[in-house]
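Analysis of the macromolecular model
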Amino acid sequence: MAGKVTTGPDIPLTGRQLSRRYSLNDEMAPGALCRIIRGDDLVLRRPVVVKAIPPAQVEIYREALRATSGLTHPAAVALYDAIDEDGWLLLVQEAVPGQALSRYLRQGVPSERAVNLAIQLAQALAYAHHRDIIHGDLTPSAVLVDRQAAVRINNFGLPPDLDYFLTEGGAEVQGLIAEGTPYSDVLALGLLLRQMLSNGELAGTNPGERQVRSDVPDDLARLVARCTTPGASDAMTEAASLTFALEEIAAQLATTRQSLSSDTPAALRAARAAVADQATWASEPTVEQPQIPVPEIPLERGTHEVGSRFTKITHPGHSDGATTRPSDEEALAVPPRLRLPTRPLPEPMAYSQPGIGSERARRMAAGGGARGIALGGVLIIGMVLFIIFFLLGFLGPFALGGH
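Read on for a plain summary of the structure. (Residues numbered from 1 in each chain as written. Predicted model: local features only at pLDDT ≥ 70, side-chain atom pairs only at ≥ 80, totals over all residues. Heavy atoms only, no water.)

Of the residues making up helix α4 (residues 171-179), those classed as buried are Val173, Leu176 and Ile177. The buried side chains of α4 occupy one side of the element, clustering within an arc of 105° when seen end-on. What points out from α4, more than 90 degrees from its buried face, is the exposed set Ala171 and Glu179. Elements that come into contact with the buried residues of α4 comprise α3 (162-169), α5 (182-196) and α6 (218-228). After α4 finishes, the residue Gly180 shows a positive phi value of roughly 65°. (Buried < 20%, exposed > 50% of the residue type's maximum accessible area, 1.4 Å probe, protein only. Helix = DSSP H or I, 4+ residues; strand = E, 2+ residues; numbered from the N terminus. Arc of directions from axis to C-beta. Contact = heavy atoms within 4.5 Å.)

Below is the structure:
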């Protein structure tokens, strides 16, 4: 694939309107075969991206459009319009708010995220292969990732960048990619997955020497080898089968937590450190509880309820002014709770031994006995009156009839 855009006759690409509908704004970084302009759809009022294909490359893109015209998938970048102007082909496409996957490969991608991205890619490829559509050039620059980690695939049907596949996979892989078959797309996806699961740039100077990180689970590392080793007895050759294998690994990763290592991506180490710090912060008390000494409370001999525990006080000699307090072990055993203001304990309503207690309790007990006697007298008088009136009402008619 050419690395420089051959423009041919120049046309204005910015600061103008295209077909009285699309406003062409500023130019973005150029692609390998085209120039890319950021624009707006003035009718539907949405952002768009316009690819300006120079005359020398127009036939390549027309062939790709014919081969992929039946592709409509959520993971594929949508094509809105195709306009011819002065020998140029201007393709109006969906503006994807994301970054190319190549931006995330230098520090590596955590295993869980890499598997998730690979599943999305495999599902889209399986959908396309079922409709006899081959991507052909699945490189990091053809994969866009938005802020929700959703994958969008660009450049379906274009010729492959053979230099990239030679560097990443070697000559044998390069030859298979050039054939443009469903298996070539699976190989390309395997190379992408291997890059996501490795750190830094290409490991080594020879083709295909990139290795996965040490923190990558063994099952996932074996799957990568199956996808990137042509001619292996267990080679993965179909996108649908790759999807199922990735989903099984995703289910395993969801129930296990991989240990960190020196090869773990910095982003994952930082995320786990933040989670651990948040958990530590959440476990600390919101307000530090001061150490408040337990007040010494005068108690009389007997049993008194203190909180939810009972303390029986027994004094061998005297009871006045006796004090008690829980031991340090008992105090520590009580769970922390809101402390209420200390209030004097109420005087007991009864006393446990004759001659011990307060005068107030005796008076209340005596008053209660007098009130009990008075109430009994009232009940007796009431019953007598009820019987008298009942007899008068029952015998009265008979007495009158006797006269």
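The discussion continues.
Turning next to the environment of Arg21. Relative to the elements of secondary structure, Arg21 occurs in the loop between β1 (16-18) and β2 (22-27). Separated by 23 residues in the primary sequence, Arg21 and Leu44 have C-alpha atoms spaced 9.2 Å apart. The residues contacting Arg21, other than those within four sequence positions of it, are Asp40, Asp41, Leu42, Val43 and Leu44.

Okay, the side chain of Arg16 next. Structurally, the position occupied by Arg16 is in strand β1. Polar contacts involving the side chain of Arg16 include one to the main-chain carbonyl oxygen of Pro12, which spans 2.7 Å. Apart from the residues lying within four places of it in its own chain, the contact partners of Arg16 are Tyr22, Ser23, Leu24 and Glu85. (Polar contact = N/O pair within 3.5 Å; in protein donor to acceptor, adjacent residues only side chain to side chain.)

As a further point, take the nonpolar core. Within the largest apolar cluster, 50 residues are counted, with the highest numbers of intra-cluster contacts made by Leu101, Leu138, Leu193, Met196, Leu223, Leu242 and Leu246. For this core, the secondary-structure elements that each account for two or more residues are α2 (111-130), β8 (143-146), β9 (151-153), α3, α4, α5, α6 and α7 (239-255). No other element matches the 10 residues that α2 contributes to this core. With near-sequence residues (within four places) excluded, Met196 lies in contact with Leu101, Leu105, Gly108, Val109, Ala114, Leu117 and Arg213. Leu24, Ile37, Ile83 and Leu90 belong to the second-largest nonpolar core, a separate cluster that totals 13 residues. (Core = buried A, V, L, I, M, F, W, Y, C linked by side-chain atoms within 4.5 Å.)

Here we come to the sheet that holds strand β5 (residues 79-85). Here 6 strands make up an open sheet; going across it, the order is β1-β2-β3-β4-β6-β5 and the pairing antiparallel. The outermost strands of the open sheet, each flanked by one partner alone, are β1 and β5. Shown here is a sheet whose adjacent strand axes are inclined to one another by a mean of 35°, direction ignored. In this sheet, strand β4 (residues 46-53) lies alongside strand β3 (residues 35-41) in antiparallel orientation, the contact comprising 7 bridges. Each bridged residue has a counterpart across the sheet, and for Ile36 the counterpart in β4 is Lys51. Sitting on the sheet, helix α1 (residues 58-68) touches β4, β5 and β6 (88-94), and the angle it makes with β6 is about 45°. (Pairing = 2+ DSSP bridges. Axes fitted to C-alpha atoms, helices over the stretch in contact; angles between N-to-C directions.)

A word on the packing of aromatic side chains. What describes a pair of aromatic rings is the distance from one ring centre to the other and the angle between the planes of the rings. Across all of its chains, the model carries 1 aromatic pair by this definition. Above the face of the Tyr80 ring, Arg46 is positioned so that its terminal group lies 3.7 Å from the ring centre. One residue, Arg131, lies across the ring of Tyr127, its end atom 3.6 Å from the ring centre. (Phe/Tyr/Trp six-rings, centres within 6.5 Å; stacked < 30°, edge-to-face > 60°. Lys NZ or Arg CZ within 6 Å of the ring centre and 35° of its normal.)

What follows covers the packing of α2 against α7. Between α2 and α7, the least distance of the axes is 8 Å, while the angle of their chain directions is 155°. On the basis of their axis angle, the class for α2 and α7 is roughly antiparallel. Crossing angle aside, the handedness with which α2 passes α7 is left-handed. On the side of α2, the interface is formed by Ser111, Glu112, Val115, Ala118, Ile119, Ala122, Gln123, Leu125, Ala126 and His129, while α7 contributes Ala239, Ala240, Leu242, Thr243, Leu246, Glu247, Ile249, Ala250 and Leu253. Taken together, the residues of the contact of α2 with α7 break down into 13 nonpolar, 4 polar and 2 charged. (Parallel < 35°, antiparallel > 145°, perpendicular 65-115°, else oblique. Left-handed = near helix turned anticlockwise from the far one by under 90°. Nonpolar A, V, L, I, M, F, W, Y, C, P; charged D, E, K, R; others polar.)

A few words on the pattern of salt bridges. With the rule as written, the count across this model stands at 11 salt bridges. Asp26 is paired through a salt bridge with Arg38; the nearest N and O atoms lie 2.4 Å apart. Taken together, the residues Asp26 in strand β2 and Arg38 in strand β3 connect sequence positions 12 residues apart. The exposure class of Arg38 is partly exposed, given its relative accessible area of 38%. A salt bridge links Arg35 to Glu27, with the shortest nitrogen-to-oxygen separation between them at 2.9 Å. Salt bridges here are not isolated pairs; linked through shared partners, they connect Arg21, Asp41 and Arg46. (Salt bridge = Lys/Arg side-chain N within 4 Å of Asp/Glu carboxyl O.)

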